[in-house]
Amino acid sequence: MVLDKKVAQQTINYLTQINAIKLNTKNPFTWTSGIKSPIYCDNRLILSYPDIRKFIADEMADIVKNLYGEKISIAGVATGAIAIGAMIAERLNLPYAYVRPAPKGHGLKNQIEGSIQGGSNVVVIEDLISTGKSSLNAINALKSERYNVMGMLSIFSYNFEFANKKFEHENISINSLSDYNSLVEKIQSEGSLNEIEINRLKKWREEPKTWK
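Definitions and cut-offs
- Residues numbered from 1 in each chain as written.
- Predicted model: local features only at pLDDT ≥ 70, side-chain atom pairs only at ≥ 80, totals over all residues.
- Heavy atoms only, no water.
- Helix = DSSP H or I, 4+ residues; strand = E, 2+ residues; numbered from the N terminus.
- Rg over C-alpha atoms; globule rule 2.2 N^0.38 Å.
- Buried < 20%, exposed > 50% of the residue type's maximum accessible area, 1.4 Å probe, protein only.
- Contact = heavy atoms within 4.5 Å.
- Areas by Shrake-Rupley, 256 points an atom, 1.4 Å probe, with all protein chains shown as cover.
- Core = buried A, V, L, I, M, F, W, Y, C linked by side-chain atoms within 4.5 Å.
- Phe/Tyr/Trp six-rings, centres within 6.5 Å; stacked < 30°, edge-to-face > 60°.
- Lys NZ or Arg CZ within 6 Å of the ring centre and 35° of its normal.
- Salt bridge = Lys/Arg side-chain N within 4 Å of Asp/Glu carboxyl O.
- Arc of directions from axis to C-beta.
- Pairing = 2+ DSSP bridges.

Caption draft 1: Expanded view of the overall build of the protein. For the protein, the count of helices and strands is seven helices and 10 strands. In terms of overall dimensions, the protein is globule-like: its C-alpha atoms have a radius of gyration of 17 Å, near the 17 Å expected for 212 residues. In terms of overall dimensions, the protein has a C-alpha envelope of 55 × 35 × 30 Å along the principal axes. Relative to its 212 residues, the protein shows a buried fraction of 47%. A separation threshold of at least 6 residues defines the contact pool for the protein, and within that pool the share at least 24 residues apart is 64%. Carbon and sulfur atoms provide 47% of the accessible area of the protein, an area that totals close to 11,000 Å².

Written out as structure tokens, the structure reads:
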């Protein structure tokens, strides 16, 4: 869910400006899941641009504070949200940890790196929500350690219906600075794609697993 359309559009403007969002309707990208996508989003590029990373971190910190208050901890999802999560925690002066995709195969074999008080209320930070698999993996890792996951906030979400249902099933609220709808609105306003291509983009969001 996008909470502020103006912030969403500014976020999309920044992401396209630095080529963090790439669009190719003729030669789609292939995700790890096997899904063919006309969009590729790499939000790690944000970290290379001081003004943009400040905007993103400031806006996300404000949302976290307004939605969840001050008696929380922050957890970033590795690897894409480790840095932005730490920046949010720093702004709010909150405890911070990050969650690996799986426990380390050596040493202490931690999956959650950092020290957050047991039983704490935790807000999870993601750079990107797509199918929901990696996001929910991090959420379940926190739950398994008895943390109370309050919700998740991401920079960008594809806003897939099937992914949203997964979060609903786990009773996890999700919000994003920007989403796929915001991106399509920008493309339409610029007139960079014709109506047939716009319809293909909308169809992909509805049926990403079977889209051609």
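Caption draft 2: Quick peek at the nonpolar core. By size, the foremost hydrophobic cluster in this structure holds 47 residues, and its most contacted members are Ile84, Ile125, Phe156 and Tyr158. Looking at this core, the elements with two or more residues in it are α1 (5-17), β4 (39-41), α2 (50-68), α3 (82-92), β8 (121-129), β9 (148-157), α6 (180-190) and α7 (195-206). Membership of the second largest hydrophobic core comes to 20 residues, among which are Val122, Ile129, Met152 and Phe167.

Caption draft 3: The arrangement of the packing of aromatic side chains in detail. For the structure on display, the rule yields 12 aromatic pairs. Consider the rings of Phe156 and Tyr158, whose centres lie 5.3 Å apart with planes at 90°: the pair is edge-to-face. The pair formed by Phe156 and Tyr158 is uniform in burial state, with each residue classed as buried. What links up through ring pairs into an aromatic cluster is the set Trp31, Phe156, Tyr158, Phe160, Phe162, Tyr180 and Trp204. Between Lys209 and the ring centre of Phe162, over which it is positioned, the NZ or CZ distance is 4.5 Å.

Caption draft 4: Broad picture of the environment of Ala102. Mapped onto the secondary structure, Ala102 falls in the loop between β6 (96-99) and β7 (112-114). Separated by 99 residues in the primary sequence, Ala102 and Leu201 have C-alpha atoms spaced 33 Å apart.

Caption draft 5: Spotlight on the pattern of salt bridges. Inspection of the entire model under this criterion finds seven salt bridges. The shortest N-O distance in the salt bridge between Arg91 and Asp58 comes to 2.6 Å. Of this pair, Arg91 sits in helix α3 while Asp58 sits in helix α2, and the two are 33 residues apart along the sequence. Looking at Arg91, the relative accessible area reads 35%, which means it is partly exposed. With a closest N to O distance of 2.9 Å, Arg100 and Glu113 form a salt bridge. One end of the pair, Arg100, is in the loop between β6 and β7; the other, Glu113, is in strand β7, with 13 residues separating them in the sequence. What makes Arg100 partly exposed here is its relative accessible area of 24%. On the basis of relative accessibility, which here comes to 15%, the residue Glu113 falls in the buried class. Connected through shared salt-bridge partners, Lys54, Asp58 and Arg91 make up one network.

Caption draft 6: Structural view of helix α5 (residues 161-169). Residues of α5 that are buried include every one of Ala163, Asn164 and Phe167, and no others. All buried residues of α5 lie within an arc of 100° about the axis, which places them on one face of the element. Opposite the packed face of α5, turned more than 90 degrees from it, sit the exposed residues Lys165, Glu168 and His169. Against the buried residues of α5 lie β8, α4 (133-144), β9 and β10 (174-179). Positive backbone phi, approximately 60°, marks Asn171, located one or two places after α5.

Caption draft 7: The environment of Glu170, seen in detail. If you trace the backbone, Glu170 turns up in the loop between α5 and β10. Placed 34 residues apart in sequence, Glu170 and Leu136 show a C-alpha to C-alpha distance of 8.5 Å.

Caption draft 8: Geometry of the pairing of β10. Buried residues dominate β10, accounting for six of its six residues. Both β9 and β10 contribute to a ladder of five bridges, which runs parallel. The partner of Leu153 across the bridge, within β10, is Asn175.

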